[in-house]
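Listed below are the residues making up each chain.
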Amino acid sequence: MGRLLALSLLGIALALLGERLLALRNRLKASREVESVDLPNCHLIKGIEAGAEDIDILPNGLAFFSVGLKCPGLHSFAPDKPGGILMMDLNEEDPRALELRVSRGFNLASFNPHGISTFIDSDDTVYLFVVNHPEFKNTVEIFKFEEEENSLLHLKTIKHELLPSVNDIIAVGPEHFYATNDHYFSDPFLKYLETYLNLHWTNVVYYSPNEVKVVAEGFDSANGINISPDKKYIYVADILAHEIHVLEKHPNMNLTQLKVLKLDTLVDNLSIDPSSGDVLVGCHPNGQKLFVYDPKNPPSSEVLRIQNILSEKPTVTTVYANNGSVLQGSSVASVYDKKLLIGTLYHRALYCEL
């Protein structure tokens, strides 16, 4: 009887593990292939060889790149090189990406930037918010951008128990932001277990010097985040659920869900086209290729444009797609004055004239 019970329990456990594995493959879109959608006037950006996970562009055309992200278990083409922040002036005829100097006292050796966001204060001061993973920990760094010196002055490091696994950030004040946690846990093993079991414990946090609180939760893996041009709505990408959530922002900074847009790809960072309000999405057509890197079968890239996201039937079009022969693992796409920048998790970055 005891052996029969043990065998029954083992069978149930194996069935559960098999079901979770199959569900994970579906969440990763492990069988999906992508057909190329090319743009005619594109070239790879010199100086970006190991990823530009996030990009943010100021209204004056200065673009910031978060480069060199490293995460446990994730492929890297420059595992021993610290990350950094690059800048490109999109008003130039032949723009180049230049690394910004960072003020003394900031630990550049462990700089591991992830999501970024800019905020322009009423006195035109430009702040750059950077999700940082020094030694795979979680902080948010606030810098002041000094344009004349092409440098960043470090102002503040933020750590908080409600920010255990920060992915992306959208600044809404000089020390105020919304941030996504892509996992509930910070321990690497527990992160893997959480993803495998599909717990839906990730969230969005609002941070200010006076208040820190969870404002949205229940995501599979909350990832990219941005804000509508009128500042009334927050957009959140749930990468493993293949969804973009539209949330209404209230005066007390709480969020309530308005709608969910379901897509057929892993949605990463979100950017807003300033001329139209359209949402540009850096996507991973096949997540298994992204996380289990094979140079002979590299991860593909995909960029979507979403028009009228607040309407009942938004229009979704593919702006760019590549099987990995040019660009591997697209994570972000940002546009300024008919110029498109596409960044990747750990590969190159693309500049296109539309």
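Note that this is a predicted model, so its numbers are computed, not measured. (Residues numbered from 1 in each chain as written. Predicted model: local features only at pLDDT ≥ 70, side-chain atom pairs only at ≥ 80, totals over all residues. Heavy atoms only, no water.)

## Regarding the sheet that holds strand β1 (residues 42-44)
Two strands in a sheet stick together by hydrogen bonds in their backbones, pointing the same way (parallel) or opposite ways (antiparallel). Put simply, the rule is: For two strands to pair, DSSP has to find at least two bridges joining them. Put simply, DSSP H or I for four residues or longer makes a helix, DSSP E for two residues or longer makes a strand, and each gets a number counted from the N terminus. Axis lines are fitted through C-alpha atoms, for helices just across the contact stretch, and the angle between N-to-C directions can take any value from 0 to 180 degrees.
In space, the four strands of this open sheet follow the order β1-β25-β24-β23, with antiparallel pairing throughout. Each edge of the sheet is formed by a strand with only one pairing partner; in this case those strands are β1 and β23 (330-336). This sheet shows a mean twist of 20 degrees between the axes of neighbouring strands, independent of strand direction. When β23 meets strand β24 (residues 339-344), the two strands line up antiparallel, connected through six bridges.

## Notes on unusual backbone geometry
The general pattern is negative phi for most residues beyond glycine and trans for most peptide bonds. Let me state the cut-off plainly: Summary of the burial criterion: residues with accessible area below 20% of their type's maximum are buried, those above 50% are exposed, and those between are partly exposed, where the area comes from a 1.4 Å probe applied to protein chains only.
The phi torsion at asparagine 308 lies on the positive side, around 55 degrees, for a residue other than glycine. With respect to the element layout, asparagine 308 can be found in the loop between β21 (301-307) and β22 (315-322). Classification of asparagine 308 as exposed rests on a relative accessible area of 55%. Positive phi, normally seen in glycine, also occurs at lysine 338, with a value near 65 degrees. Of note, lysine 338 is situated in the loop between β23 and β24. Residue classification places lysine 338 among the exposed positions, given a relative accessible area of 62%.

## Regarding a nonpolar patch on the surface
Convention followed: Residues enter patches when their relative accessible area tops 30% and they take part in no salt bridge; the joining distance is 9 Å for like charges and 5 Å for the nonpolar side chains Val, Leu, Ile, Met, Phe, Trp and Tyr. All accessible-area figures derive from a Shrake-Rupley calculation using a 1.4 Å probe, and residue coverage is judged against the displayed protein chains alone. Counted as salt bridges are all cases of a side-chain nitrogen of Lys or Arg within 4 Å of a carboxyl oxygen of Asp or Glu.
Side chains of Phe189, Leu193 and Leu197 sit close together on the surface and give an oily, nonpolar patch of about 280 Å² of accessible area. Residue position: phenylalanine 189 is located in helix α2 (residues 188-197).

## So, the side chain of lysine 259
The following threshold applies: Counting rule for charge: Lys and Arg are taken as positive, Asp and Glu as negative, and neither His nor the chain ends is counted. Each polar contact in these results corresponds to two N or O atoms within 3.5 Å; when the atoms are within protein, one needs to be able to donate a hydrogen and the other to accept it, and residues that are neighboring in sequence are counted only if both atoms are side-chain atoms. The contact definition used throughout considers only heavy atoms, calling two residues in contact when any of these lie within 4.5 Å.
Positionally, lysine 259 belongs in strand β18 (residues 255-262). Of the side chains with opposite charge, glutamate 312 lies nearest to the buried lysine 259, which makes no salt bridge, at 8.6 Å. For lysine 259, the side chain forms a polar contact with the main-chain oxygen of isoleucine 309, separated by 2.9 Å. Within the structure, the side chain of lysine 259 is placed 2.5 Å from the backbone oxygen of serine 311, a separation counted as a polar contact. Dropping the residues within four chain positions of it, lysine 259 is found in contact with Ile244, His245, Val246, Ile309, Leu310, Ser311, Glu312 and Pro314.

## Some thoughts on the UniProt feature "glycosylation site" (unreviewed entry) in the protein chain
How we decide: UniProt positions are given in the numbering used here, feature names are shortened, and annotations may be inferred rather than shown by experiment.
Sequence positions flagged by UniProt for "glycosylation site" (unreviewed entry) are, in local numbering, Asn269 and Asn323. Within the secondary structure layout, asparagine 269 lies in strand β19 (residues 266-272). Excluding residues that lie within four positions of it along the chain, asparagine 269 makes contacts with Glu53, Asp54, Asp168, Asn223, Gly224, Leu280, Val281, Gly282, Ser331 and Val332. Tracing the chain through its elements places asparagine 323 in the loop between β22 and β23. If near-sequence neighbours (up to four positions away) are discounted, asparagine 323 is found in contact with Val34, Ser36, Pro298, Pro299 and Ser300. Among the polar contacts made by the side chain of asparagine 323, one reaches the side chain of serine 325 at a distance of 2.9 Å.

## Some thoughts on the packing of aromatic side chains
Aromatic rings in a pair are described by how distant their centres are and how their planes are angled relative to each other. The line we're drawing: Stacked, edge-to-face and tilted are the three classes for Phe, Tyr and Trp ring pairs, Trp counted by its six-membered ring, which pair at centre distances within 6.5 Å; planes under 30 degrees apart are stacked, over 60 edge-to-face, the rest tilted.
Going through the model one piece at a time under the given rule, you end up with 13 aromatic pairs. Note on phenylalanine 177 and tyrosine 207: the rings are 5.0 Å apart at their centroids and 10 degrees apart in plane angle, and the pair reads as stacked. Here the residue phenylalanine 177 occupies a position in strand β12 (residues 176-181), and tyrosine 207 occupies one in strand β13 (residues 202-207), the gap between them amounting to 30 residues. The same class applies to phenylalanine 177 and to tyrosine 207, which are both buried. Ring plane angle 70 degrees and centroid distance 5.3 Å describe the contact between tyrosine 184 and tryptophan 201, whose orientation is recorded as edge-to-face. Placement of tyrosine 184 in the loop between β12 and α2 and of tryptophan 201 in the loop between α2 and β13 is noted, with a sequence separation of 17 residues between them. Note on tryptophan 201: relative accessible area 42%, which makes it partly exposed. A connected cluster of aromatic rings, assembled from ring pairs, spans Phe77, Tyr293 and Tyr346.

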